[in-house]
Amino acid sequence: MFQGHLLLAIDFVYHHNDCFFDIMLLSTVATASQFFISYTIRTFGALTFATIMTTRQLASIMLSCVWFSHPLSWQQWIGAIIVFGSLYSKNFLKSTPQKPSPPEEKDTEASKPLKENP
């Protein structure tokens, strides 16, 4: 708005009415996706959300490699294995049940129950 691009954008949409539907559709989907992102993080945690987004990126990369015949170099394969492997291993290690440690009992004055006055 301060750089003077707003009026150019409005003028463009005014002269090309067919793009208005696409702009509204993109805005609606982006807004809905923000609600899903917020719900996912609040319900399942940030690590699960990061795993979902990384899986989406991995699928996008693999689809691009197959669909458009974009081969990955060996350095790119190593980078992908490091990034995706570390994230998935972190998620896997977090989901494995750990043995709870026994609570330590401290015999302090603050932990003793108070005597009731009759």
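These numbers come from a predicted model, not from an experiment.

1. Looking at the overall build of the protein chain
No. 1: Counting its regular elements, the protein chain contains four helices and zero strands.
No. 2: Order of helices (α) and strands (β) in the protein chain, N terminus to C terminus: α-α-α-α.
No. 3: Buried positions account for 9% of the 118 residues belonging to the protein chain.
No. 4: When the accessible surface of the protein chain is split by element, carbon and sulfur atoms take 68% of a total near 11,100 Å².

2. Things to note about unusual backbone geometry
No. 1: The backbone of Ser69 shows a phi angle near 55 degrees, a positive value even though the residue is not glycine.
No. 2: Considering the arrangement of structural elements, one finds Ser69 in the loop between helix H3 (46–67) and helix H4 (74–95).
No. 3: Judged by its relative accessible area of 57%, Ser69 is exposed.

3. Concerning the side chain of Thr54
No. 1: Here Thr54 shows up in helix H3.
No. 2: Using a relative accessible area of 13% as the deciding quantity, one classes Thr54 as buried.
No. 3: A distance of 2.7 Å separates a polar atom in the side chain of Thr54 from the backbone oxygen of Ala50.
No. 4: When near neighbours in sequence (up to four residues on either side) are disregarded, Thr54 contacts Phe84, Leu87 and Tyr88.

4. Describing a nonpolar patch on the surface
No. 1: Residues Trp74, Ile78, Ile82 and Val83 make up a contiguous nonpolar surface patch of about 440 Å² in total accessible area.
No. 2: Inspection of the secondary structure assignment puts Ile78 in helix H4.
No. 3: Residue Ile78 is classed as partly exposed on the basis of its relative accessible area of 40%.

5. Notes on the confidence of the model for the protein chain
No. 1: Summing up the model confidence of the protein chain, the mean pLDDT is 82 and the portion of residues at 70 or higher is 79%.
No. 2: When pLDDT is averaged over each element of the protein chain, helix H2 (residues 19–44) comes out on top at 95 and H4 at the bottom at 82.

6. Overview of the environment of Leu58
No. 1: Mapped onto the elements, Leu58 comes out in helix H3.
No. 2: Taking the C-alpha atoms as reference points, Leu58 and Phe84, 26 residues apart in sequence, are found 7.9 Å from one another.
No. 3: Every residue in contact with Leu58, bar those within four places of it in the chain, is listed here: Phe84 and Tyr88.

7. Details of the packing of H2 against H3
No. 1: Packing of H2 against H3 brings their axes to within 7 Å, and their N-to-C directions diverge by 130 degrees. With respect to H3, the element H2 is oriented oblique. Residue-level contacts link Ile37, Thr40, Ile41 and Phe44 of H2 to Ala46, Thr48, Phe49 and Ile52 of H3.
No. 2: The class makeup of the residues in the contact of H2 with H3 is six nonpolar, two polar and no charged.

Cut-offs used in this document
- Each chain carries its own residue numbering, running from 1 in the direction its sequence is written.
- pLDDT decides what is reported in this predicted model: residues at 70 or higher carry local features, side-chain atom pairs at 80 or more are listed and counted, and totals for whole chains, interfaces and linings draw on all residues regardless.
- Each side-chain value is worked out from all heavy atoms of the structure, with water and hydrogens disregarded.
- By definition, any uninterrupted DSSP run of H or I lasting at least four residues is a helix, any uninterrupted run of E lasting at least two residues is a strand, and each is numbered from the N terminus.
- Whether a residue is buried, partly exposed or exposed follows from its accessible area with a 1.4 Å probe, protein chains only, as a fraction of its type maximum: under 20%, in between, or over 50%, in that order.
- Computed by Shrake-Rupley with a 1.4 Å probe, the accessible areas treat only the displayed protein chains as cover when residues are assessed.
- Pairs of N or O atoms within 3.5 Å make up the polar contacts considered here, provided that, within protein, one atom can donate a hydrogen while the other can accept it, and that residues adjacent in sequence are counted only when both atoms are side-chain atoms.
- Contacts are residue-level and defined by heavy atoms, with any inter-residue pair within 4.5 Å sufficient.
- Here the term patch refers to residues with relative accessible area over 30% and no salt bridge, with like charges joined within 9 Å and nonpolar side chains (Val, Leu, Ile, Met, Phe, Trp, Tyr) within 5 Å.
- The rule for a salt bridge is simple: a side-chain nitrogen of Lys or Arg has to be within 4 Å of a carboxyl oxygen of Asp or Glu.
- Per-residue confidence from the predictor is given as pLDDT, running between 0 and 100.
- A fitted line through C-alpha atoms serves as each axis, taken over the contacting stretch for helices, and the angle formed by two N-to-C directions is quoted from 0 to 180°.
- By the definition adopted for this analysis, an angle is roughly parallel if under 35 degrees, roughly antiparallel if over 145, roughly perpendicular if from 65 to 115, and oblique otherwise.
- When residues are sorted by character, Ala, Val, Leu, Ile, Met, Phe, Trp, Tyr, Cys and Pro go into the nonpolar class, Asp, Glu, Lys and Arg into the charged class, and all the rest, Gly among them, into the polar class.

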